[in-house]
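# Architecture and fold: a report
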Amino acid sequence: MIPNNTLPGQIVIIGSIVISLLFAIYPLPESIQSLRPNWPTLVLIYWCINLPERVGIATGWIIGLLLDLLMPTTLGLHALVLSIIAYLTLYFYRRIRHFPLWQQAIIIFLLISLQQLLLLWLRSIFGDIPLSWWSYWLNPFSSALCWPLIYFVLYFFQRYYRIQ
Amino acid sequence: MLILLDHYSQIFNPFHNILYSATQPFYSIVNISANFSSWIGNKFTSNDELREEIKRLRLSNQLLQAKNQKLIALSSENMRLRSLLHAPRKQEELQVAETLQVDLDPFKHLIVINKGAKHHIYKGQPIIDAYGIMGQITQVNHNSSIAILITDPAHAIPVQVNRNGLRAIAFGTGSASELELLYLPNNAEIEEGDLLETSGLGGHFPTGYPVAVVSSVKRNPKQAFATIKAQPIAHLKRSREVLFISIIDNEQTHTTEQHDDTE
């Protein structure tokens, strides 16, 4: 049964990442565009917390590279930032795993704020200026609010397919 | 490391095409699903509305054709006069494409278009919609391409005032409805409501396409330059159809690739 169990596991993880990337470029009305949660990062953090032996810095790097290609930004920009996020999550995963959901959401808020900060810093080196200051920082809020949703959906699939 | 290599060197250029073709399925899936929801919306428009629309379109088509009659005569006359002067004007050809319904980097004003290297799209090619200049191509993939809009903060386009030929450069501001004309002196002859068209300087954009209408002119005697804002004419965020302009040289019939941007 073990080989049977490992195959869908990989498919579920890859599938969730692909779907999160699709959501990241799905067209939204302009007024709520800055409220779009950071789906790929949320999925990455979930798997880093719950399956640290399978998903880690390399996965973060690959998701980041795909984001760089899709956006399109300078290659390696999101890749670097998401590997840092994956590293931090792996460093703390034992603690985060046992937090109640609202405390996890706070951690998510901090991690995604850090991601936005790093991205802003790296991009300003290359001369990209954000379009408006305050809407840039709405992203961590919406992402933290969507964390329970991501958590329950991925938790369901993880239990359903018994991915370990 | 990768960031620096990609930004400062050309090492990855041969791989770009392969890498970016990996994005194609993502774009297509999102585009199809986004179109599907609008398709459902279209199913429920009433018969009367459609009839009304056909009537309206017929009327506007008649008007446009009437205007066109005059235009054909004028342009052939123009050609004749120019050939007398030995100053042939470059001819332009249009190619229709559609934008894909995808949201890209919120930092920038970019759109994805469903034609690429396969359809002889080249980097730097200007795109317009039915109303005016939209932007230019920055990246060509095999089957799609990415264009930067004139309102992107990293974009600038050479323009001239339609009324008196005053030349300026219109910079993107990052707001979808605003361009800024920098470095025009306070006594420049420009007013609210002036039409700005491409001047053709710089060689990227063809001459004479409408770009924007001046929306406000603030002359501040304390400063060297006036603050002039303009509103783009093209429906930048709403246009589904875009047109590529290919400039055809009379001497050499094929267009050459241009590698530098006018940024």
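Computed from a predicted structure; not experimentally measured.

Tallied over the entire structure, the rule returns 17 aromatic pairs over all chains. Ring centres of Tyr151(A) and Phe152(A) lie 5.8 Å apart, and the angle between their planes is 85°; this geometry places the pair in the edge-to-face category. Ring geometry for Phe171(B) and Tyr183(B): centres 6.2 Å apart, planes at 90°, overall edge-to-face. In this pair, Phe171(B) is assigned in strand β7 (residues 167–172) and Tyr183(B) in the loop between β8 (179–182) and β9 (195–198), connecting sequence segments 12 residues apart. Of the aromatic side chains, those joined through ring pairs into one cluster are Tyr46(A), Trp47(A), Trp147(A), Tyr151(A), Phe152(A) and Tyr155(A).

Next up on the list: a nonpolar patch on the surface. Together, Leu149(A), Val153(A), Phe156(A), Phe157(A), Tyr160(A) and Tyr161(A) give the surface a local cluster of nonpolar side chains, amounting to about 590 Å² of exposed area. Topologically, Phe156(A) is positioned in helix α7 (residues 139–160).

As a further point, take the sheet that holds strand β6 (residues 156–161) of chain B. The strands making up a sheet associate through backbone hydrogen bonding, with each pair oriented either parallel or antiparallel. All names here are of chain B. One closed barrel accounts for six strands, arranged β6-β7-β8-β11-β10-β9; its pairing is antiparallel. The sheet shows a mean angle of 40° between the axes of neighbouring strands, taken without regard to direction. With three bridges connecting them, β9 and strand β10 (residues 210–218) associate as antiparallel partners. From the neighbouring strand, Leu-196 faces β10, where its bridge partner is Ala-212.

All names here are of chain B. Look at His-120: it is not a glycine, yet its phi comes out positive at around 60°. Considering the arrangement of structural elements, one finds His-120 in the loop between β2 (110–113) and β3 (126–128). Overall, His-120 belongs to the exposed group, its relative accessible area being 66%. Here Tyr-183, not a glycine, exhibits a phi torsion of approximately 60°, which is positive. In this structure Tyr-183 comes out as exposed when scored by relative accessible area, which is 56%.

Facing the 32 residues of chain B at the interface are 31 residues of chain A. In total, chain B and chain A occlude about 2800 Å² of area from one another, counting both sides; carbon and sulfur atoms represent 72% of this. At the junction of chain B and chain A, the tally comes to two salt bridges. Measuring nitrogen to oxygen at the nearest pair gives 2.6 Å for the salt bridge that ties Asp105(B) to Arg123(A). Across the chain B-chain A interface, the total number found is seven residue pairs in polar contact (both at pLDDT 80 or more). Elements represented by at least two residues in the side of chain B that touches chain A include exactly α1 (2–8), α2 (13–21) and α3 (24–43) of chain B.

We now examine the nonpolar core. Of all hydrophobic cores here, the largest spans 46 residues; its most connected members are Leu42(A), Trp47(A), Trp147(A), Ile150(A) and Tyr27(B). For this core, the leading source of residues is helix α2 (residues 39–50) of chain A, giving nine residues. If near-sequence neighbours (up to four positions away) are discounted, Trp47(A) is found in contact with Val12(A), Ile13(A), Ser16(A), Pro52(A), Val55(A), Leu154(A) and Gln158(A). Counting residues in hydrophobic clusters, the runner-up holds 36 residues, among them Val159(B), Leu184(B), Leu196(B) and Ile228(B).

Take the packing of helix α5 (residues 101–125) of chain A against α7(A) next. Relative placement of two packed helices is described by the angle separating their axes and the distance separating the axes. Residue and element names in this part refer to chain A. Interhelical geometry of α5 versus α7 gives an angle of 135° and a closest axis separation of 8 Å. With respect to α7, the axis of α5 lies oblique. For α5 against α7, the interelement crossing comes out right-handed. The residues of α7 that touch α5, namely those facing Leu-101, Gln-104, Ala-105, Ile-108, Phe-109, Ile-112, Ser-113 and Gln-116, are Asn-139, Pro-140, Phe-141, Ser-143, Ala-144, Trp-147, Pro-148, Tyr-151 and Phe-152. When the residues that make up the contact of α5 with α7 are grouped by side-chain class, the tally is 12 nonpolar, five polar and no charged.

Under the definition given, this model contains eight salt bridges over all chains. Among the charged side chains, a salt-bridge network with shared partners connects Arg163(B), Glu189(B) and Asp194(B).

Now for the state of the cysteines. All names here are of chain A. Applying the stated criterion to the full structure yields zero disulfides over all chains. In this structure Cys-48 is not part of a disulfide, and its nearest cysteine sulfur, from Cys-146, lies 19 Å away. Residue Cys-146 is classed as buried on the basis of its relative accessible area, which comes to 18%.

A few words on the confidence of the model for chain A. Model confidence for chain A is summarised by a mean pLDDT of 87, while 92% of its residues fall at 70 or above. Per-element averaging of pLDDT across chain A places helix α6 (residues 133–136) of chain A at the bottom with 75 and α2(A) at the top with 94.

Residues and elements named next belong to chain B. Among the six residues in β6, six count as buried, and that is most of the element. Residues Ala-156, Pro-158 and Gln-160 of β6 are buried on one face, and the alternating residues Ile-157, Val-159 and Val-161, pointing to the opposite face, are buried as well. Pairing geometry for β6 and β7, over five bridges, is antiparallel. Considered in β7, the bridge of Ile-157 is made with Ala-170. Here β6 hands over to β7 after five residues, with Gly-165 in that stretch at a positive phi of 75°. Relative to β9, β6 runs antiparallel, the two sharing three bridges. Within the sheet, the bridge partner assigned to Val-159 lies in β9 and is Thr-198.

Cut-offs and rules
Residues numbered from 1 in each chain as written. Chains lettered and ligands numbered in written order. Predicted model: local features only at pLDDT ≥ 70, side-chain atom pairs only at ≥ 80, totals over all residues. Heavy atoms only, no water. Phe/Tyr/Trp six-rings, centres within 6.5 Å; stacked < 30°, edge-to-face > 60°. Helix = DSSP H or I, 4+ residues; strand = E, 2+ residues; numbered from the N terminus. Patch = residues over 30% accessible without salt bridge, like charges linked within 9 Å, V, L, I, M, F, W, Y side chains within 5 Å. Areas by Shrake-Rupley, 256 points an atom, 1.4 Å probe, with all protein chains shown as cover. Salt bridge = Lys/Arg side-chain N within 4 Å of Asp/Glu carboxyl O. Pairing = 2+ DSSP bridges. Axes fitted to C-alpha atoms, helices over the stretch in contact; angles between N-to-C directions. Buried < 20%, exposed > 50% of the residue type's maximum accessible area, 1.4 Å probe, protein only. Contact = heavy atoms within 4.5 Å. Buried area = accessible area lost by both parts, 1.4 Å probe. Polar contact = N/O pair within 3.5 Å; in protein donor to acceptor, adjacent residues only side chain to side chain. Core = buried A, V, L, I, M, F, W, Y, C linked by side-chain atoms within 4.5 Å. Parallel < 35°, antiparallel > 145°, perpendicular 65-115°, else oblique. Left-handed = near helix turned anticlockwise from the far one by under 90°. Nonpolar A, V, L, I, M, F, W, Y, C, P; charged D, E, K, R; others polar. Disulfide = S-S within 2.5 Å. pLDDT = per-residue confidence, 0-100.

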